[in-house]
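Summary of the model geometry
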Amino acid sequence: MAVPKSKISKQRKHKRRTHYKLAAPNLVACPRCHSLKLPHVVCKECGFYDGKEVVQVETVKS
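Overview of the structure. Owing to the predicted nature of the structure, the values given are computational and were not obtained by experimental measurement.

**Some remarks on the overall build of the protein**
- Regarding its fold elements, the protein presents 1 helix and 4 strands.
- Listed by position from the N terminus, the elements making up the protein come as α-β-β-β-β.
- Compactness check: the protein gives a C-alpha radius of gyration of 23 Å against a globular reference of 11 Å for 62 residues, more than 25% above the reference.
- Burial statistics for the protein: of 62 residues in total, 11% are counted as buried.
- Excluding contacts between residues fewer than 6 apart, the proportion of contacts in the protein whose partners are at least 24 apart in sequence is 0%.
- Accessible surface computed for the protein: about 6,500 Å², of which carbon and sulfur atoms make up 56%.
- Averaging the positions of the 14 positive and the 4 negative side-chain charges in the protein gives two centres separated by 32 Å.

Written out as structure tokens, the structure is:
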């Protein structure tokens, strides 16, 4: 069975884990309503994708 010969220091452990981080989502502006949305996904504000209405969005009355 493999057993470590000595303790791994915190510095060495943290150096190894420097790439374990979250990436910010890439957002693009919707060409129709100009709200931010994920690329290649239907816009939640207007319901359009690729120039066509895919989802009918209900408007909220205030």
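Additional details are given in the paragraphs that follow.
**Focus: the packing of aromatic side chains**
- Summed over all chains, the structure comprises 0 aromatic pairs.
- Directly above the ring of F48 sits R32, whose terminal nitrogen or CZ lies 3.8 Å from the centroid.

**Structural notes on the pattern of salt bridges**
- Across all of its chains, the model carries 1 salt bridge by this definition.
- The shortest N-O distance in the salt bridge between K52 and D50 comes to 3.8 Å.
- Residue class for K52 comes out exposed when judged on its relative accessible area of 52%.

**Concerning the side chain of S35**
- Summarising the element assignment, S35 is placed in the loop between β1 (28–29) and β2 (36–37).
- Those residues in contact with S35, other than ones at most four positions away along the chain, are V28, A29, C30, C43 and E45.

**Remarks on the side chain of K37**
- Along the polypeptide, K37 turns up in strand β2.
- Although K37 lies buried, it forms no salt bridge, and the closest oppositely charged side chain, D50, sits 9.4 Å away as judged by the N-O distance.
- Within the local environment of K37, its side chain forms a polar contact with the backbone oxygen of V41, the two atoms lying 3.1 Å apart.
- For K37, the residues in contact, after removing those within four places along its chain, are N26, L27, V28, C30 and C43.

How each quantity is defined
- Residues numbered from 1 in each chain as written.
- Predicted model: local features only at pLDDT ≥ 70, side-chain atom pairs only at ≥ 80, totals over all residues.
- Heavy atoms only, no water.
- Helix = DSSP H or I, 4+ residues; strand = E, 2+ residues; numbered from the N terminus.
- Rg over C-alpha atoms; globule rule 2.2 N^0.38 Å.
- Buried < 20%, exposed > 50% of the residue type's maximum accessible area, 1.4 Å probe, protein only.
- Contact = heavy atoms within 4.5 Å.
- Areas by Shrake-Rupley, 256 points an atom, 1.4 Å probe, with all protein chains shown as cover.
- Lys, Arg positive; Asp, Glu negative; His and termini not counted.
- Charge placed at Lys NZ, Arg CZ, Asp CG, Glu CD.
- Phe/Tyr/Trp six-rings, centres within 6.5 Å; stacked < 30°, edge-to-face > 60°.
- Lys NZ or Arg CZ within 6 Å of the ring centre and 35° of its normal.
- Salt bridge = Lys/Arg side-chain N within 4 Å of Asp/Glu carboxyl O.
- Polar contact = N/O pair within 3.5 Å; in protein donor to acceptor, adjacent residues only side chain to side chain.

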